[in-house]
Amino acid sequence: MDSDEDDRIPLSQRPEWSDVTPVPQDDGPNPVVPISYSKEFAETMGYVRAVYLADERSHRALQLTAEAIHFNAGNYTVWQFRRLILEALNADLHDELEFVEHLASKNSKNYQLWHHRRWVAEKLGTEAAGRELEFTKKIFVNDAKNYHAWSHRQWVLQTLGGWEDELAYCDELLEDDIFNNSAWNQRYFVITRHPGLGGIEATRDSEVSYAVKAILTKPENESSWRYLRGLYKNSMPSFVMDRRVSTVCLTVLTTKANCVFALSLLLDLLSNGFEPNQELKNAVEALLPESRDQDSDMAVTICSVLEIVDPMRVNYWRWRKKSLHSEVEEGVRNLRVH
Amino acid sequence: QSFKFKLCVLEKIHKISWKNLLEISLTRPVINKQATGDGVYRMIGMEPSSSSPEWKPTVSQEEQWILERQVFHIYQLFCNIPPKSQAVMLELQRDNHIEYLMKGLRHLGPSFSVLDAKYFTLSLCALMVRCRNSFLYCHLFTALLLSSRPWICYWILHSIALLGESVDDALEHNAIHFISRCQDQHGGYGGGPGQASYFSMPHLATTYAAVNSLITLGGHRSLGSINRVKIYSFLRRMKHTSGGFSMHDGGEVDVRACYTAISVACALNILDEDLVQGVGDYILSCQTYEGGIAGEPGSEAHGGYTFCGLATMILVNEVNRLDLASLTDWLVFRQGVEGGFQGRTNKLVDGCYSFWQGGAAVLIQRLHAAAGEGHSSVRSNESFTSSEFSDDEELLEGTSSGMAEISPDVEEDGSHLKFFAASTQMVEGGFRDKPGKNRDHYHTCYCLSGLAAAQYSWSKDADSPPLPRSVLGPYSNLLEPINPLCNIVLKQYNEARQFFSKPL
């Protein structure tokens, strides 16, 4: 329903509403943060209050809630009431999907809208999966990081299915924008929860290759580094043993590209018992101008380098340096346990 | 008063000179927004014909470079103005902020008082579109304004309190009365008045805002208007089988809901096992591979939810179940080269994250400080409230000088102040998301809250003033201390704890 204000007939003039007396808003005598409502909005809400109080769950009430929502899509009470009406009328929820879709372009970051959409989709069941995935895709065309849309998409996959093309879709998004952290997060979601992929253990190998490739393309991209690290969450021994991790660090360090993430990852490796070769040691030491700042413990040296190349986080790196002993102890303990 | 913040001092502190920042900005390709549809960009010193596909920035890069250019342009201006003017730029514009805030309480400004619905809806939509990049969290807790007047109350009242001011009796009376009208007869507060059950269901976020507002106002009438018994029953009704909470009857379940529920319960001293049970499990399931915390299990790590999750875990005394090392690592990298904080990896910085992320950083700092002193039984919740903290002599002794050594601090260098002063503070009063955005009460609240949290991150207790270096700017910038968990001014929070000291 396109609310063209000039065409709107006041409710007081609509014969189908002649039996209803609107209930005005009662802000009290001296309200604070008063908002100047338009008279059209105030009138609509007056009628909504009336049907809500009468608990009238009719078609006209449904239409009225639509009008109210168009005025203010954030009124959660009206949305909730609308749901009660839809249930009472046993309404065709496909129409409801249309309704939401229409609102979505101007309200793509509205909590109530997305919550409502989820409710409708849940009622419709697995048959709605395809349409819901398409719906979120449309949102991503304009905003590939819309948080609500991503939550909704994840909910759809888990509740209604449709996993088949998800990893490929992530590929697409990352090709468009390799810095899209939401797409990286979605990758992680798929490899850990897709019922048909075998879990992270089965997919880790190919995902590491994927991440390494992305890192080499854009070493300044934090997303791919965090993803790589995330692949080895809770699997420190495998992390330490995968040569590709230290290799990508070395490559980035020697190309003199942005090295903060490479150093940080190397630090994690060392904390978990990794033993660096001479090539790595040389690459790190080359970054420290004063050889007197070098330490026999490479992890300490790395922290010193980071204090210089990542000055914004100087205190963090100093703190990491001080915590190194306990970090390494815990890391080595984890290694031994496995 | 003494103003020591000279340019050279700033340079020494953060080792990135203003000049370096400008150099960085100049290496970014100039984005010509009038570029043709096939996306050809004019590069510095590059002919259009020589630009190859790989030079085309992605959406993320483009947005970031545009912002960096804007921010560095401001820094460039800063560099070129005389020291006296620089001093002004770093100062908190107290009077103008107060004027903006008081006006808001009495009457939402011109942009919100409109003549017809179409303009109103459109202007709000325009606002949404303009705030697009950070809109999620800018209105994370709000529907549109019309369902969130308790929120606006809180943002304004809390900001006024942070600035060390208070509202006059008449305004206070009206505020208490208004908020009370939002109280539901069955417990909780809705988004608007006229008796909640009449037509505005109680909602966890508006309950949080209402309770925080009333506590901020303080005094017997305000605190006495809160019906703890009913609120408790409302919180129990909102409890979800997952261990989390629903925002309202039939509403969404997420980490925000957990935070608002638990924070209210703590502030009113009605927290119990039934409310706490399962919350830790739920929040734990929301910590992502990146280290931050998401709104729901599986979603992306996000600043707003990270604060909510972390604060809640501290309040229920289960914070050690989180992977704090990876949370810390994610958090420190959320500070951008502009000095401010971003909500998620590879997104733009926004003033409000000075609290969500910066505040979370302060919480982490306190945790590390307490842990570093070897307190095995870290009464983590209590180390954030002044009265319990100051009781523990040992804790005080160790932390006074030890803190700098053992906790990762994001606030120490001057870059946050630069961002705060140059990019978010409006000279005419109020704060904004970033250059190019308009000021609003939400950002005013959270920019100030972030500053307050940072200033007190080194304090032992409420009575000892923070060190000059942590005030960020001239000492006159000092704000009132806060309880960083509930984000209420400490004095008022303590008064409420006293008032509600009797269990239900």
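Here we summarise the structure given alongside this text. Worth saying up front: this structure is predicted, and the values here are computed from it rather than measured. (Residues numbered from 1 in each chain as written. Chains lettered and ligands numbered in written order. Predicted model: local features only at pLDDT ≥ 70, side-chain atom pairs only at ≥ 80, totals over all residues. Heavy atoms only, no water.)

1. Notes on the nonpolar core
Leu235(B), Phe245(B), Leu310(B) and Tyr446(B) are the most contacted members of the largest nonpolar core, which totals 116 residues. Sequence-distant contacts of Tyr446(B), that is, excluding residues within four places in its chain, are made with Trp151(B), Tyr154(B), Trp155(B), Gly351(B), Cys352(B), Ser354(B), Phe355(B), Trp356(B) and Asn487(B). Core analysis: the next-biggest nonpolar cluster, separate from the first, contains 110 residues, Phe71(A), Ala149(A), Val248(A) and Leu265(A) among them. (Core = buried A, V, L, I, M, F, W, Y, C linked by side-chain atoms within 4.5 Å. Buried < 20%, exposed > 50% of the residue type's maximum accessible area, 1.4 Å probe, protein only. Contact = heavy atoms within 4.5 Å.)

2. Digging into helix H17 (residues 303–315) of chain B
All names here are of chain B. The terminal C-alpha atoms of H17, which comprises 13 residues, lie 18 Å apart, in line with the 18 Å expected from a rise of 1.5 Å per residue. Judged by how many residues are buried, H17 sits mostly within the fold: 13 of 13 residues are covered. Count one or two residues on from H17 and you reach Asn317, which has phi positive near 65 degrees. (Helix = DSSP H or I, 4+ residues; strand = E, 2+ residues; numbered from the N terminus. Expected span 1.5 Å × (residues − 1).)

3. Quick notes on unusual backbone geometry
Of note, Asp55(A) is a non-glycine position whose phi angle comes to about 50 degrees, a positive value. Position of Asp55(A) relative to the elements: it lies in the loop between helix H1 (39–53) and helix H2 (59–71). Classification of Asp55(A) as partly exposed rests on a relative accessible area of 40%. Despite not being glycine, Asn317(B) has its phi angle at roughly 65 degrees, a positive value. You can see Asn317(B) is positioned in the loop between H17 and helix H18 (324–332). The exposure class assigned to Asn317(B) is partly exposed, which follows from its relative accessible area of 47%.

4. Concerning the packing of aromatic side chains
Two measures describe an aromatic ring pair: the distance that separates the ring centres and the angle between the ring planes. Per the stated rule, a full pass over the model turns up 33 aromatic pairs over all chains. Ring centres 6.0 Å apart and planes at 70 degrees place the aromatic pair Tyr154(B) and Tyr208(B) in the edge-to-face group. With Tyr154(B) in helix H8 (residues 149–162) and Tyr208(B) in helix H11 (residues 204–217), this residue pair connects regions lying 54 residues apart in the sequence. The exposure class assigned to Tyr154(B) is buried, which follows from its relative accessible area of 0%. One residue, Arg60(A), lies across the ring of Trp17(A), its end atom 4.5 Å from the ring centre. Sitting above the plane of the Phe135(A) ring, Arg117(A) keeps its charged end 3.8 Å from the centroid. (Phe/Tyr/Trp six-rings, centres within 6.5 Å; stacked < 30°, edge-to-face > 60°. Lys NZ or Arg CZ within 6 Å of the ring centre and 35° of its normal.)

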